[in-house]
Amino acid sequence: MSAGILKRALACMLLAALSLSAAGCASWEEMADPLGELSDFYSQENEQPEPEPLTSFTLPYFAGESLDPITATEKVQIAVGALLYEKLFALDEHFVLRPLLAESCTYDAAARTYTLTLRSGVTFSDGTPLTARDVAASLERARSSARYAARLAEVSSVRVQGDTVLIAMSEELSTLAWRLDIPIVKASEVTADTPLGTGPYSLEDGIGGKHLQRVVGWWCSSDDLVAKDSSIALVEAESPSQIRDEFEFSGLSVVCTNPQTDSYADYRCDFELWEVDSGFMMYIGCNVTYSKFFDDGTLRTFLTYGIDRQTLVDDNYGGLALPTTLPISPMSPYYSKSLATNYDYDEMRFIDAASKFRVPTNDKGVPRTLQLLVNSDDSARLRCARNIAATLTELGLACETVESPTSVYEARLQAANYDIYLGITKLPTTADLSEFYRPWGEMSWGGLANETIYNMVNQSLADRGNYYNLHKLVADDGRIIPVMAGYYAIYAKRGVLSDLNPARDNVFYYTLGKTMESSKVATQFS
């Protein structure tokens, strides 16, 4: 008899036996199995084995994009780079600075020079030792890169002295270590697309394509590194939507995304999710020097009350951003919720102030319309700008958008040809606002530079206890008006990396158990 016929016969016998039994007993009464071992055999034959839990993982990468950790800006590439490269210092998940490749950092105030001593025993993936020359070459390249140039603007020179690195400053800066979360690569390969690093994995080519190979005898052997596989497959991708599809329907198991970008693709399958501060901040900048709307500074004092931040987040980013009235992420321990509420959306307060505001007029005496400049190449930001203009107009202050492609948008910023603009920037790990307020700062368009605020920025960087006073001063002054803060969303298939403990710009963050104090770092960093 065939297996199919046997199964049907057994099913019929079961049905008949159950029917006869039910006729002679009360409803819901438990019955013994009428077929004994035959029933057990039948049920066992049809049982499906429990799926084994996922233990290995794969990562995506863009084949056409560089993996150079100093120039790469694409988050997908940076996530891969976190396993290939290490930094001098790193910020942990609690925004606490920790030393990695640096053993100590001391500062000579008279000479305005920092001395970096490197951790001993560090090697690259090819087994060669890390030297001061490698660090100096990496920092020099970072100084000229689009990604790191602004944070190293005060560095005048980097040179090697024996086994140490000397960093000369053009002006006083007490928080250099916070800015040295920069990947270090081998000096001889500093301009390569994939230079050698000191991380736990190396990039290799194999029959199945590119993959990460665990470095045998890795110098660190950190216990809290969650990536423990001997090999990690890399899945080549061309777009965020393809990465999403590979994650939901194929073998891709870990993805790092930026929900605030135009290219973000929503994820809907079963996953574990971590959200990590990205440093991105959307804000409104005011043309305080050249716009007639800011002649007396009144508008800056109440414009914040006309920005419905929560609606902007919900309608334009699907709730995947954080409304903020302060120039720092709400994820930061230095974000004051009680202070932030003082500058939130308030229709009546805005309407009352707007009714008393003297709107400037043109040469014919006709009231001007507030011009909101926005980059039209960023569709989500463009929608936000249109929403802001519509809300301000509805509340009594006529506003219209000036929608310009990137090149024209940047030219208008440089020429201060706007009243207000909607910008996005990535703040350093210290939430340093210097570039807005220092003389000739990178983002001081429209006369934002202000000595009082700049001095407070420096005080806050030297002593984080001053952050509250700084944020209050910035919000009261209103030269820039924060709108929302961004974060990275890290998706993993359930059970792959449950112990993941990501930090900013480092998906696979791990520590060497060191603190700034134990590493003898200059006291102003502690």
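Below, the structure is looked at part by part. Just so you know, these numbers come straight off a predicted model, no measurement behind them. (Residues numbered from 1 in each chain as written. Predicted model: local features only at pLDDT ≥ 70, side-chain atom pairs only at ≥ 80, totals over all residues. Heavy atoms only, no water.)

**What to know about the overall build of the protein chain**
Okay, step 1: Of the regular secondary structure elements, the protein chain holds 15 helices and 19 strands.
Okay, step 2: When contacts within the protein chain are restricted to residue pairs at least 6 apart in sequence, those whose partners lie at least 24 apart make up 70%.
Okay, step 3: For the protein chain, the exposed area adds up to about 24,200 Å²; of that, 50% sits on carbon and sulfur atoms. (Helix = DSSP H or I, 4+ residues; strand = E, 2+ residues; numbered from the N terminus. Contact = heavy atoms within 4.5 Å. Areas by Shrake-Rupley, 256 points an atom, 1.4 Å probe, with all protein chains shown as cover.)

**Section: the pairing of strand β17 (residues 399–404)**
Okay, step 1: Sheet topology places strand β16 (residues 370–375) next to β17; six bridges connect them, and they run parallel. Each residue of the ladder has a partner; that of L370, found in β17, is C399. (Pairing = 2+ DSSP bridges.)

**A word on the environment of L203**
Okay, step 1: Within the secondary structure layout, L203 lies in strand β10 (residues 201–206).
Okay, step 2: Sequence separation between L203 and I232 is 29 residues; the distance between their C-alpha atoms is 9.6 Å.
Okay, step 3: Contact partners of L203, with chain neighbours within four places excluded, come to L67, L84, T194, K210, H211, L212 and L234.

**Points about the nonpolar core**
Okay, step 1: Of all hydrophobic cores here, the largest spans 72 residues; its most connected members are L59, L88, I167, L180 and F508.
Okay, step 2: The biggest single contributor to this core is helix α4 (residues 132–143), with five residues.
Okay, step 3: Among residues more than four places away in sequence, those in contact with L59 are V80, L83, L212, I232, A233, L234, V235, L252, V254 and F508.
Okay, step 4: Counting residues in hydrophobic clusters, the runner-up holds 45 residues, among them M282, Y305, I307 and L395. (Core = buried A, V, L, I, M, F, W, Y, C linked by side-chain atoms within 4.5 Å. Buried < 20%, exposed > 50% of the residue type's maximum accessible area, 1.4 Å probe, protein only.)

**Some thoughts on the pattern of salt bridges**
Okay, step 1: Per the counting criterion, the structure on display carries 17 salt bridges.
Okay, step 2: For R386, the salt bridge identified is with E403, shortest N-O distance 2.9 Å. A residue pair is termed long-range when its members are at least 10 positions apart, and R386 in helix α11 (residues 379–394) and E403 in strand β17 qualify at 17 residues.
Okay, step 3: Taking the relative accessible area as the measure of exposure, R386 reaches 42% and is therefore partly exposed.
Okay, step 4: Classification of E403 as partly exposed rests on a relative accessible area of 34%.
Okay, step 5: A salt bridge links R438 to E435, with the shortest nitrogen-to-oxygen separation between them at 3.1 Å. For the pair formed by R438 and E435, the shared burial category is buried.
Okay, step 6: Three or more residues are tied together by salt bridges with common partners; here these are E154, R179 and D432. (Salt bridge = Lys/Arg side-chain N within 4 Å of Asp/Glu carboxyl O.)

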